[in-house]
Amino acid sequence: MALDKIENLLEKYFEAETSIAEEKELKDYFASSDVAQHLEQYKPIFGYAVQAKQEQFKATIPLIPKGRNIKRKRVVWLSVAASVVVLLGVGLFTFNNYNQLKSNDLGTYDDPEVAFRETQKALAMISESVNKGIGSMKYLNEYEQSKNKIFKK
């Protein structure tokens, strides 16, 4: 009769329908030495819980790891160095621009003829670049026509 009860409890256990008291009864049965031959395969399942309760973690955990403290110092110094570099860069940029503005040389011309020639040179350079861009657009137009022939809309 007890064997039938254990088999029924096992079925309920695997269906996740047992209570804590029934699970304790199963653990006690499989911890004993008189386990039925056909139920021996389930012994490790319930024996593991007993063994797991006896295990304890005995190692000490340091509160501040040694390597981490060194890394923190490096990060602090690295951030200080980065801040100094940024401040020097901003300072030098401001200093150079201030000196250029102080000289009043803003790229202006006193003679209108010279200004006109220089403006024509600048516009010619821009025109060359625009013409190159327009020339490359011809290739795109060819591509569009070829694509439209192949993929008829």
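What you see is a predicted model, and the numbers here were worked out from it, not measured in a lab. (Residues numbered from 1 in each chain as written. Predicted model: local features only at pLDDT ≥ 70, side-chain atom pairs only at ≥ 80, totals over all residues. Heavy atoms only, no water.)

Caption draft 1: Expanded view of the overall build of the protein chain. In terms of helices and strands, the protein chain carries 5 helices and 0 strands. Scanning the protein chain from its N terminus toward the C terminus, one meets helices and strands in the order α-α-α-α-α. Within the protein chain, the fraction of its 153 residues that count as buried is 8%. Long-range pairs, those at least 24 residues apart, make up 34% of the contacts in the protein chain with a sequence separation of at least 6. (Helix = DSSP H or I, 4+ residues; strand = E, 2+ residues; numbered from the N terminus. Buried < 20%, exposed > 50% of the residue type's maximum accessible area, 1.4 Å probe, protein only. Contact = heavy atoms within 4.5 Å.)

Caption draft 2: Quick peek at the nonpolar core. Core analysis: the largest hydrophobic core is formed by 10 residues, namely Ile6, Leu9, Leu10, Leu26, Tyr29, Phe30, Val35, Ala36, Leu39 and Phe46. At the level of secondary structure, the elements contributing two or more residues to this core comprise helix H1 (2-14) and helix H2 (20-31). If sequence neighbours within four positions are ignored, Tyr29 has contacts with Leu3, Ile6, Asp34, Val35, Ala36 and Leu39. (Core = buried A, V, L, I, M, F, W, Y, C linked by side-chain atoms within 4.5 Å.)

Caption draft 3: Representation of a nonpolar patch on the surface within the structure. Taken together, the side chains of Val76, Trp77, Val80, Val84 and Leu88 present a nonpolar region at the surface, about 520 Å² in accessible area. Inspection of the secondary structure assignment puts Val84 in helix H4 (residues 66-102). Under the relative-accessibility criterion, Val84 is labelled partly exposed at 44%. (Patch = residues over 30% accessible without salt bridge, like charges linked within 9 Å, V, L, I, M, F, W, Y side chains within 5 Å. Areas by Shrake-Rupley, 256 points an atom, 1.4 Å probe, with all protein chains shown as cover. Salt bridge = Lys/Arg side-chain N within 4 Å of Asp/Glu carboxyl O.)

In short, shape yes, function no, at least from these values alone.
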